[in-house]
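# Residue-level structural notes
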Amino acid sequence: MIRGVRGATTVEQNSRRAIMDATQELLGEMIAANGIAEEDVASVLFTATPGLDAAYPAGAARELGWTRTALMGFQEAHVIDGLQHCVRVLIHWNTDKPMDQIQHVFLRDAIVLRPDLAASDGAGGP
């Protein structure tokens, strides 16, 4: 069975290193919270808001060593009053875990996207 694992974070500035660091932090939290191994991942989708164009967030997964997984990046739709400098991730993960055991992760200012999932330490998840 394939489950979707969602996550989002914000990036302090539009620079390659800032985008890579924030995305790697997010991926690391998503992987740790769910016990995700690359060989169980079908694909990963990344989006970045229009103000983030210094790097592809998917490159962060490559830097973490995910070299065999299908990755795809998109520009997020521009929405008036939408969260700015935001990277979103959707991991398509082959797992037997039931849906209520999937831990979605929202970091930094992206906690506002899903305050119902926010933990006191800033990471999302039940």
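This structure is a prediction, so every number in the text was calculated from the model and none was measured.

## Some thoughts on the confidence of the model for the protein
Chain-level statistics for the protein give a pLDDT mean of 93 and a share of 93% at 70 or above. Long-range and interchain partners of residues 120-126, a stretch whose pLDDT sits below 50, account for 21 contacts in this model, where long-range means more than four residues apart.

## A closer look at the pattern of salt bridges
Where charged atoms of side chains with opposite charge meet at close range, the side chains can pair. The tally for this structure, following the rule as stated, stands at seven salt bridges. Where Glu63 meets Arg16, a salt bridge forms, and the shortest distance between an N and an O atom there is 2.8 Å. Taken together, the residues Glu63 in helix H2 (residues 58-63) and Arg16 in helix H1 (residues 16-34) connect sequence positions 47 residues apart. Of the charged contacts, one joins Arg88 and Glu76 as a salt bridge, the two residues approaching to 3.5 Å between their closest N and O atoms. Highlighted residues: Arg88 in strand E4 (residues 86-94) and Glu76 in the loop between strand E3 (70-75) and E4, separated in sequence by twelve residues. The class for Glu76 is partly exposed, based on a relative accessible area of 23%. Connected through shared salt-bridge partners, Arg16, Arg17, Asp21 and Glu63 make up one network.

## Structural notes on the nonpolar core
One finds Val44, Phe46, Val89 and Ile91 to be the most contacted residues of the largest nonpolar core, which totals 28 residues. Breaking this core down by element, the ones donating at least two residues are H1, strand E2 (41-48), H2 and E4. With seven residues, the top contributor of residues to this core is H1. Here Val89 is in contact with Val5, Arg6, Gly7, Leu26, Leu27, Met30, Val44, Leu45 and Phe46, once residues within four sequence places are set aside. The next biggest cluster of nonpolar side chains, apart from the first, holds five residues, and it includes Ala8, Cys86, Phe106 and Leu117.

## Quick look at the sheet that holds strand E1 (residues 2-10)
Reading across the sheet, the five strands line up as E3-E2-E4-E1-E5 and stay open at both edges, with mixed pairing between neighbours. Of all the strands in the sheet, just E3 and strand E5 (105-106) have a single pairing partner and so form its edges. Pairing analysis gives two bridges linking E1 to E5, with the strands arranged parallel. Directly across from Ala8, in E5, lies its bridge partner Phe106.

Calculation criteria
Residues numbered from 1 in each chain as written. Predicted model: local features only at pLDDT ≥ 70, side-chain atom pairs only at ≥ 80, totals over all residues. Heavy atoms only, no water. pLDDT = per-residue confidence, 0-100. Contact = heavy atoms within 4.5 Å. Salt bridge = Lys/Arg side-chain N within 4 Å of Asp/Glu carboxyl O. Helix = DSSP H or I, 4+ residues; strand = E, 2+ residues; numbered from the N terminus. Buried < 20%, exposed > 50% of the residue type's maximum accessible area, 1.4 Å probe, protein only. Core = buried A, V, L, I, M, F, W, Y, C linked by side-chain atoms within 4.5 Å. Pairing = 2+ DSSP bridges.

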